[in-house]
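Topology and contacts: notes
Here are the chains, one letter per residue:
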Amino acid sequence: MTEPPPDIAIGAVDLHKTYTSPRGDVPAVQGIDLDVRQGEFFGLLGPNGAGKSTTIGMLTTLVVPTSGSARVCGFDVEKQPVEVKRRIGMVSQNNTLDNDLTAFENLEFRGRYFGMSARDARRRAEELLELFNLTDRREGNPFEMSGGQAKRLMIGRALVHRPEVLFLDEPTAGLDPQTRVNLWKILRELQKAGQTIVLTTHYMEEAEALCDRVAVVDHGKILASGTVEELKGSAGAETVLTVAYDGSVPDLGGLRERDGISKVELSGNQVRVFAHEADGLLGELVALGTSAGVSVTDASQLRPSLETVFLTLTGREYRE
Amino acid sequence: MTTKTAQGKTAQGKTVQAETLTAPPAVRPTIPRTFMAMMAREVRVMRKNFLSTFVRVLAQPLMFVFVFAYVLPKIGGGMAGQGGATFATILVPGLVGSSIMMQAMMAAIFPLMMELTWQRSITDRALAPLPIPLLAIQKIVAAALQGLIGGLLVFPAVLFIHADGQAPEVHVANWPIFLVVMITGALLAASGGLLLGTVINPQKAQVLFAVVLMPITMLGCVYYPWSALDNVRWLQIASLFNPLVYLSEGLRAALTPDVGHMPTWAFLLPLIGGTIALTWFATRTFTKRVLT
């Protein structure tokens, strides 16, 4: 791999990971390329089991790639894992806080693991407790905290040594909506402060709300990547209208060839229309059904969003 | 709800200052510093749990010497050792050795079982800037330290609790052997514990007690010297697979040389060789479990 330009925080080429198990090989990641620039807020979006966490695992050195290579902050994740670990912070999906230590000590010892003197580590711990509003939980046990508090402490812990790249694996999974929105605010502040962030999520709206650039991942591959606007503006950036009838789909006439309609898919008693211009389309489909003697049992219309992008790319509805 | 307001404040009231978060790190970590910081963490946790550790470590040997070195001699059921040595004399090295063995093994096994499964919190330590095999070594050293503390705590109890005339005759006859045996015994137990902790399913932890820890302590030449097994030859040979035998016998050689014990080479070789082999093997299995 050639030396990447200096402002590249992460470069991955053709990463593969196959888990071997007695029941056979499970390909989790099947050829992922990534480039993340410094200061960027990058999102890996995909349904559960798409290979996002495995990808993050490889970038954070704890999952060994089956093939391919990756450099983080200029260091090879396989050959120089300690150098990589010195420069990254990671917030796992699980609560991996040290149960034998208080909230304060969790921060204090993280600082010391990263080479701070005992005094500097304590000062830094105070600073971060303050910053993440956890001062009143200072002596608390990490497992007696609410999900939001534990997550804030984990983010604080990941930032103790001022990492160049912050990784977050599904940071808001399992949190209530209010806590999620509050965490988003924290992450936006971090980005504003110049922090490079890589986040995985299976929530479309999370990727839309936070990320500069998004890679849509499914079955261990990147289906598309770009800014949210680019993705929406690409082939999939359309309104998707899905209509189900109580009988076979009526003859749609010249619908397929009409301007503003890019694709029509039929499956069973259901028709799905990918359109740039969807005004009046639903009424038309209802009318077509009525004249053919079938009525509409279900209809849904998706505005241009990452969800329609996903639907266009995979032909499947997005399952969270 | 207090949480909600607290979080609101973080996000709105207080903004995250740029320099707090992204100023370049003041220190470059080095591997020895990271290693020592992890040891400092273990010491902090030990200090916090000192009272419970103290009670846990002492309860069993205390009861044992009380019954065997005090109650039984009082009621005339005392056992005599070889060559006129009191039973207390035989028990001191055995109980210290078994305490080291048990405490070091358990200190390695149980936290590890938790860390590798529930929430997989091993990730926390694995992300510290240390090669994973060194993390395994750190866990072995920390567990060995707890084993040594366990052994030292038992000393006063077994030295001073006994009936009149049943005092153990114990003195450190050979300091180098004493120290080498204590330290390698603790390391051997800790590396064995790390190995078990990485390969055994936590749901079978109960079985571990029954089939590993119990036989090790009961048949570890704790309550009799190995040479006394001459009459039960098969057990004498089977006992050679028990690591605690070498620790007990080594401590006998160092503390109660008048009681029959194995020759020096016969316990030092397995203690040192076993420590090296088990550390190597445990480090490998640990690394395989942590790096997927």
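Quick notes on the rules
- Residues numbered from 1 in each chain as written.
- Chains lettered and ligands numbered in written order.
- Predicted model: local features only at pLDDT ≥ 70, side-chain atom pairs only at ≥ 80, totals over all residues.
- Heavy atoms only, no water.
- Disulfide = S-S within 2.5 Å.
- Buried < 20%, exposed > 50% of the residue type's maximum accessible area, 1.4 Å probe, protein only.
- 1 Å grid on protein atoms, 1.4 Å probe; cavity = no way out; pocket = protein on both sides within 12 Å on 5 of 7 lines; lining within 4 Å.
- Points joined across faces, edges and corners; volume = space filled by probe spheres on them.
- Helix = DSSP H or I, 4+ residues; strand = E, 2+ residues; numbered from the N terminus.
- Nonpolar A, V, L, I, M, F, W, Y, C, P; charged D, E, K, R; others polar.
- Patch = residues over 30% accessible without salt bridge, like charges linked within 9 Å, V, L, I, M, F, W, Y side chains within 5 Å.
- Areas by Shrake-Rupley, 256 points an atom, 1.4 Å probe, with all protein chains shown as cover.
- Salt bridge = Lys/Arg side-chain N within 4 Å of Asp/Glu carboxyl O.
- Core = buried A, V, L, I, M, F, W, Y, C linked by side-chain atoms within 4.5 Å.
- Contact = heavy atoms within 4.5 Å.
- Pairing = 2+ DSSP bridges.
- Axes fitted to C-alpha atoms, helices over the stretch in contact; angles between N-to-C directions.
- Parallel < 35°, antiparallel > 145°, perpendicular 65-115°, else oblique.
- Left-handed = near helix turned anticlockwise from the far one by under 90°.
- pLDDT = per-residue confidence, 0-100.
- Domains from an automatic or database assignment.
- Polar contact = N/O pair within 3.5 Å; in protein donor to acceptor, adjacent residues only side chain to side chain.
- Phe/Tyr/Trp six-rings, centres within 6.5 Å; stacked < 30°, edge-to-face > 60°.
- Lys NZ or Arg CZ within 6 Å of the ring centre and 35° of its normal.

**Considering the state of the cysteines**
All names here are of chain A.
- All chains considered together, the criterion is met by zero disulfides over all chains.
- Here C73 stays free of any disulfide, with the sulfur of C211 as its closest cysteine sulfur at 18 Å.
- Judged by its relative accessible area of 14%, C73 falls in the buried class.

**Quick word on empty space enclosed by the protein**
Residue and element names in this part refer to chain A.
- Under the counting rule described, the total for this entry stands at three cavities of 30 Å³ or more.
- Approximately 100 Å³ is the volume found for the largest cavity.
- Looking at the lining of the largest cavity, the element that brings in the most residues is strand 6 (residues 88–91), giving three residues.
- Of the residues in the lining of the largest cavity, the class split is five nonpolar, five polar and four charged.

**Quick word on a nonpolar patch on the surface**
All names here are of chain B.
- Where nonpolar side chains cluster on the molecular surface, the patch consists of V43, F50, L51, F54, V55, L145 and I149 and spans about 590 Å² of accessible area.
- Of all the secondary structure elements, the ones that give two or more residues to the nonpolar patch are helix 4 (50–74) and helix 7 (132–160).
- Considering every element that reaches the nonpolar patch, the biggest residue donor is helix 4, with four residues.
- For V55, the location among the structural elements is in helix 4.

**Describing the nonpolar core**
- Of all hydrophobic cores here, the largest spans 118 residues; its most connected members are I10(A), L59(A), F167(A), L95(B), F267(B) and F286(B).
- If one sorts the elements of this core by residue count, helix 5 (residues 87–116) of chain B sits on top with 18 residues.
- Leave out the neighbours within four places in its chain, and I10(A) touches L34(A), D35(A), V36(A), L59(A), R71(A), V72(A), V165(A), F167(A) and V198(A).
- Counting 45 residues, the second-largest nonpolar core is a separate cluster that includes L199(A), M204(A), V214(A) and V309(A).

**Remarks on the sheet that holds strand 5 (residues 75–76) of chain A**
All names here are of chain A.
- One open sheet holds the four strands; their spatial order is 2-1-4-5, and the pairing between them is antiparallel. Strands at the two margins of the open sheet, each flanked by one partner only, are strand 2 (24–37) and strand 5.
- As paired strands, strand 1 (residues 8–21) and strand 4 (residues 67–72) are joined by five bridges and run antiparallel to one another. Residue pairing across strands places V13 opposite S69, the latter belonging to strand 4.
- Each of strand 1, strand 2 and strand 4 touches helix 1 (residues 52–59); the most contacted strand, strand 1, lies at about 115° to it.

**Overview of the packing of helix 4 of chain B against helix 5 of chain B**
All names here are of chain B.
- With their axes 11 Å apart at the nearest point, helix 4 and helix 5 run at an angle of 160° to one another. Between helix 4 and helix 5, the angle falls in the class roughly antiparallel. Helix-helix and strand crossings are classified by hand; for helix 4 and helix 5 the assignment is right-handed. Counted together, R56, V57, P61, F64, V65, F68 and A69 of helix 4 and F87, A88, L91, L95, S99, Q103 and M106 of helix 5 form the full contact between these two elements.
- Among the residues making up the contact of helix 4 with helix 5, the classes are represented as eleven nonpolar, two polar and one charged.

**Topic: the confidence of the model for chain B**
All names here are of chain B.
- Residues of chain B with pLDDT of at least 70 account for 88%, and the chain-wide mean is 82.
- Helix 8 (residues 175–199) holds the highest mean pLDDT among the elements of chain B, 93, whereas helix 1 (residues 2–11) holds the lowest, 39.
- Taken together, the stretch residues 1–15 has pLDDT below 50 and engages in 28 contacts with residues farther than four places along the chain or on a different chain.

**A word on the pattern of salt bridges**
- Applying the stated rule across the entire model yields 27 salt bridges over all chains.
- The salt bridge involving E42(B) is made with R41(B); its shortest N-O contact spans 3.4 Å.
- Salt bridges sharing partners connect three or more residues here, namely D98(A), D100(A), R110(A), R157(A), R41(B), E42(B), E115(B), D124(B), R125(B) and K139(B).

**Here we look at the domain arrangement of chain A**
- When its domains are assigned, chain A resolves into domain 1 (8–233) and domain 2 (239–303).
- For domain 1 of chain A and domain 2 of chain A, the distance between their C-alpha centres works out to 42 Å.

**Regarding the packing of helix 3 (residues 103–113) of chain A against helix 4 (residues 118–131) of chain A**
Residues and elements named next belong to chain A.
- For the pair helix 3 and helix 4, the least separation of the axes is 8 Å and the interaxial angle reads 135°. Judged by the inter-axis angle, helix 3 sits oblique to helix 4. Crossing angle aside, the handedness with which helix 3 passes helix 4 is right-handed. Of the residues in helix 4, those in contact with F104, L107, E108, G111 and R112 of helix 3 are A118, A121, R122, A125, E126, L128 and L129.
- Here the residues of the contact of helix 3 with helix 4 sort into seven nonpolar, one polar and four charged.

**Brief notes about the sheet that holds strand 12 (residues 261–267) of chain A**
All names here are of chain A.
- Strand order in the open sheet formed by four strands is 12-13-11-14, and the pairing between neighbours is antiparallel. Pairing within the sheet leaves two strands with one partner each, and these edge strands are strand 12 and strand 14 (296–302). Taken pair by pair, the neighbouring strands of this sheet meet at an average axis angle of 10°, ignoring direction.
- Pairing between strand 11 (residues 239–245) and strand 13 (residues 270–275): six bridges, direction antiparallel. The partner of A244 across the bridge, within strand 13, is Q270.
- The strands that helix 9 (residues 281–292) touches are strand 11, strand 12, strand 13 and strand 14; relative to strand 11, the one it contacts most, it runs at about 20°.

**Points about the pairing of strand 6 of chain A**
All names here are of chain A.
- Here strand 6 shows a buried face lined by I88 and M90 and a second buried face lined by G89 and V91.
- In terms of strand pairing, strand 6 meets strand 7 (residues 165–169) through four bridges, oriented parallel. Across the sheet, M90 pairs through a bridge with F167, a residue of strand 7.

**Brief notes about the side chain of R180(A)**
Residues and elements named next belong to chain A.
- With respect to the helices and strands, the residue R180 is situated in helix 6 (residues 177–192).
- A distance of 3.4 Å separates the side chain of R180 from the side chain of Y203, its partner in a polar contact.
- If sequence neighbours within four positions are ignored, R180 has contacts with T172, Y203, E205 and E206.

**Describing the side chain of N106(A)**
- Within the element layout of this structure, N106(A) appears in helix 3.
- In this structure N106(A) touches L97(A), D98(A), L101(A), P142(A) and R157(A), once residues within four positions along its chain are discounted.

**Regarding the packing of aromatic side chains**
- All chains considered together, the criterion is met by five aromatic pairs over all chains.
- Ring centres of F66(B) and Y70(B) lie 5.5 Å apart, and the angle between their planes is 15°; on these two criteria the pair is classed as stacked. Taken together, the residues F66(B) and Y70(B), both in helix 4 and four residues apart, mark about one turn of the helix.
- By relative accessible area, Y70(B) is classed as partly exposed at 32%.
- In this structure, R180(A) is placed above the aromatic ring of Y203(A), and the distance from its NZ or CZ to the ring centre is 3.8 Å.

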